[in-house]
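Survey of secondary and tertiary structure
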Amino acid sequence: MRKSGQKSLGLLFMMCLLFMFVLGACSSGEGGEVTGENPDTTDSAEGTNTKTEEEVEESEPVAVKQFSNEPVTLKVATQWGEENFQNNFVQDMKELVPHITFEYVDWNGTAEGIQEINSAGTVVDLLTPNLGVNVLLDLDMVQPLDEMVKEYGIDLSTVDPSFIALIRSQDPEGRLIGLTGNGGIYGLFYNKEVFDLFGVPYPTDNMTWDEIIDLAKKMTGTRDGNQYVGLEFGSDTVDAALLQLSTTLTDPESGEVLLSKDPKFTKYMELMKKIYSIPSIYNPKEPDKFMQKTAAMEINWHGYLTWFGGETPEERAEFKKDMDILPIPSWSDIPATAPAVHTAPTVINPYSENKEAALQVLQAIISIENQTKATRKGTIPATSNVEIRKQFGADNPDHQGKNVMAMFQNQFALPPARASVWDKYVDLNGAMQKFATSDMNIPEFIRVLEEESAIKIKDAKNKK
């Protein structure tokens, strides 16, 4: 659940996370040759070549295009302020792709904002749409990458298929509309100190939601005059169980709200009802209880342990010495499945005159070199390479000695084939806060949320 005290931390974290999407350690970018099958294969019985002329032509080595190292300036539209842009992105790129100069273009992520930039005669080359790529799709400002990836021999094997699937799901035609080298995922954080206080064994790997709920019941109660809760949700993570079910809240085409028609959503709500039916487990006036050591477990973003605990690494290490990480619990009928990842692709403007150099930057974003560097800082890599994942947070004291691999233990759920741009009008987090503090039954909750969401979607359509 989105707790009010965590909202600002969560938004700041997501902004920093999205900024990391464009931090790249650019590799040489030089393509090689992709060799095909041997065109001279013969039939053993007849001793003659059985391939057609077309097959021979297709199987011949195909030379991929080479990236140029000629000096070029790329304009990058981002939302993080020029000082941040210069101190991070530009500094990294200056060392790694010295032939590319970067120019900051301030953009608030909205359609109106990018239209103002266009009207001023500025043609940006790269964009980071942190408010949703549909803003750019509506303006025909997204360069499809499938053909370019083939032409330049870009190796997509460095990116986990779930990340690629998520990017494709954001395009109505399923095109590859951008690339990313990292993203956001959820973890289950727990405090051994609280479990010891209650005399309850610690949670373990591969627990189901029902098992976690049973633990939460045991860990919710009063000790030494303090109210403890067994489980709380962090900033915008109340959808964790829903993200394991690969579904949308609305119809991608029509915008129809599907909550009452989707058995997966009812299944999710039945689970949430079990959680919020535990007496005293949620008090909106007392958020952030895990940070106060009065919550046993917390579902939150992967960087959660860096958000609190003191001003110095030593203070934070002492404060969190009994805290650790486990995988998000799974549904019993889809075991070992983590919630789908969150990511925002960096995209190329089709009106850019420097698309080749822009693609070279995207290649750098997904490079193993870049992902390793970012992973060590505490950013979730887009690669499924285990050796890189093991280095998560290695250069960050807040992650030392923690079970960081727990967040990678289970396979990420694939997103629905097509994401719905209308889902953002369904305020699940806000509605769940009301659900948690009321006696509203599930059918009534769904009906009210559907009606509220339908009104918002209708208003949004009328404004287009």
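Note that the coordinates shown come from a computational prediction; the quantities given were computed from them, not determined experimentally.

Some points on the packing of aromatic side chains
Counting across every chain of the model gives 19 aromatic pairs. Arranged with centres 6.3 Å apart and planes meeting at 45 degrees, the rings of Y190 and Y202 form a pair that is tilted. Separated by twelve residues along the polypeptide, Y190 in strand β7 (residues 186-191) and Y202 in the loop between α8 (192-198) and α9 (209-218) bring together distant segments of the chain. Using a relative accessible area of 7% as the deciding quantity, one classes Y190 as buried. Look at Y202 and you get partly exposed, because its relative accessible area is 34%. Between the NZ or CZ atom of K267 and the centre of the ring of W331, over which it lies, the distance is 4.7 Å.

Some points on the pairing of β7
Judged by how many residues are buried, β7 sits mostly within the fold: six of six residues are covered. Burial of the side chains of β7 extends over both faces: Y186, L188 and Y190 are buried on one face and G187, F189 and N191 on the other. For β7 and strand β11 (residues 297-301), the ladder comprises five bridges, and the chain directions are antiparallel. Bridging across to β11, Y186 finds its partner in W301.

Some words on the environment of I185
Tracing the backbone shows I185 in the loop between β6 (182-183) and β7. Taking the relative accessible area as the measure of exposure, I185 reaches 3% and is therefore buried. Sequence-distant contacts of I185, defined by excluding residues within four places in its chain, comprise N300, W301, H302, V341, I380, M407, F408 and F412.

Considerations on the nonpolar core
Within the largest apolar cluster, 124 residues are counted, with the highest numbers of intra-cluster contacts made by F102, F265, Y268, Y276, M297, M432 and F445. For this core, the element with the most residues is helix α10 (residues 263-276), which contributes seven residues.

Things to note about the confidence of the model for the protein chain
When pLDDT drops low, the exact placement of atoms in the prediction is not to be read closely. In the predicted model, the protein chain carries a mean pLDDT of 88, and 87% of its residues have values of at least 70. The low-confidence segment residues 1-57, where pLDDT is below 50, has 134 contacts with residues more than four positions distant or belonging to other chains.

Let's talk about the sheet that holds strand β10 (residues 232-233)
What links the strands of a sheet is backbone hydrogen bonding, and the strands pair in either a parallel or an antiparallel sense. Read across the open sheet, the four strands follow the order β10-β11-β7-β12; overall the sheet is mixed. Pairing within the sheet leaves two strands with one partner each, and these edge strands are β10 and β12 (323-326). Note that β10 and β11 share two bridges and pair parallel. What sits directly across from E232, in β11, is E298.

Quick notes on the pattern of salt bridges
Overall, the coordinates contain 16 salt bridges when judged by the stated rule. Salt-bridge contacts for D398 lead to K320; the nearest nitrogen and oxygen are separated by 3.0 Å. In this pair, D398 sits in the loop between α14 (386-389) and β16 (411-412) while K320 sits in the loop between α11 (313-319) and β12, placing the two residues 78 residues apart along the sequence. The pair D398 / K320 is uniform in exposure class, with both members buried.

Things to note about the sheet that holds strand β3 (residues 72-78)
With mixed pairing, four strands are arranged side by side in an open sheet as β4-β3-β5-β14. In this open sheet, the two strands that pair with only one neighbour each are β4 (100-106) and β14 (347-348). The sheet strands contacting helix α3 (residues 82-96) are β3 and β4, and the helix crosses β4 at an angle near 160 degrees.

Comments concerning unusual backbone geometry
Here the phi dihedral of D236 falls at roughly 60 degrees; this positive angle occurs in a residue that is not glycine. As for its position among the elements, D236 is in the loop between β10 and α10. Take D236: its relative accessible area is 23%, and that puts it in the partly exposed class. The phi angle at S246 is positive, at roughly 55 degrees, despite the residue not being glycine. Take S246: it is sitting in the loop between β10 and α10. Accessibility expressed as a relative area gives 28% for S246, which makes it partly exposed.

What about helix α4 (residues 111-119)?
The set of residues buried in α4 consists of G113, I114 and I117. Projected onto a plane normal to the axis of α4, the buried residues spread over an arc of 90 degrees and lie on a single side. α4 presents E112, E116 and S119 as exposed residues on the side facing more than 90 degrees away from its buried surface. Next to the buried residues of α4 lie β4, β5 (126-127) and α5 (134-138).

A look at the packing of α9 against α10
Two numbers describe how α9 lies on α10: the axes approach to 10 Å, and their chain directions differ by 15 degrees. With respect to their mutual orientation, α9 and α10 come out roughly parallel. Here α9 runs over α10; the crossing is right-handed. Of the residues in α10, those touching α9 at W209, D210 and I213 are L271, K274 and I275. Of the residues assigned to the contact of α9 with α10, the class counts are four nonpolar, no polar and two charged.

A short note on helix α12 (residues 355-365)
Within α12, nine of the eleven residues are buried, leaving the element largely enclosed by the surrounding structure. Among all positions of α12, only A357, A358, L359, Q360, V361, L362, Q363, A364 and I365 are buried.

Regarding the environment of D196
Counting through the fold element by element, D196 comes out in helix α8. Among the residues examined, D196 registers a relative accessible area of 49% and is labelled partly exposed. Note: C-alpha distance between D196 and A296 (100 residues apart in sequence) is 10.0 Å. Within the local environment of D196, its side chain forms a polar contact with the side chain of Y202, the two groups lying 2.8 Å apart.

A short note on the side chain of T248
Positionally, T248 belongs in the loop between β10 and α10. Classification of T248 by relative accessible area gives buried; the value is 11%. For T248, the side chain forms a polar contact with the main-chain oxygen of T250, separated by 2.9 Å. When near neighbours in sequence (up to four residues on either side) are disregarded, T248 contacts L258, D262, P416, R418, A419, S420 and D423.

Rules of the game
Residues numbered from 1 in each chain as written. Predicted model: local features only at pLDDT ≥ 70, side-chain atom pairs only at ≥ 80, totals over all residues. Heavy atoms only, no water. Phe/Tyr/Trp six-rings, centres within 6.5 Å; stacked < 30°, edge-to-face > 60°. Helix = DSSP H or I, 4+ residues; strand = E, 2+ residues; numbered from the N terminus. Buried < 20%, exposed > 50% of the residue type's maximum accessible area, 1.4 Å probe, protein only. Lys NZ or Arg CZ within 6 Å of the ring centre and 35° of its normal. Pairing = 2+ DSSP bridges. Contact = heavy atoms within 4.5 Å. Core = buried A, V, L, I, M, F, W, Y, C linked by side-chain atoms within 4.5 Å. pLDDT = per-residue confidence, 0-100. Salt bridge = Lys/Arg side-chain N within 4 Å of Asp/Glu carboxyl O. Axes fitted to C-alpha atoms, helices over the stretch in contact; angles between N-to-C directions. Arc of directions from axis to C-beta. Parallel < 35°, antiparallel > 145°, perpendicular 65-115°, else oblique. Left-handed = near helix turned anticlockwise from the far one by under 90°. Nonpolar A, V, L, I, M, F, W, Y, C, P; charged D, E, K, R; others polar. Polar contact = N/O pair within 3.5 Å; in protein donor to acceptor, adjacent residues only side chain to side chain.

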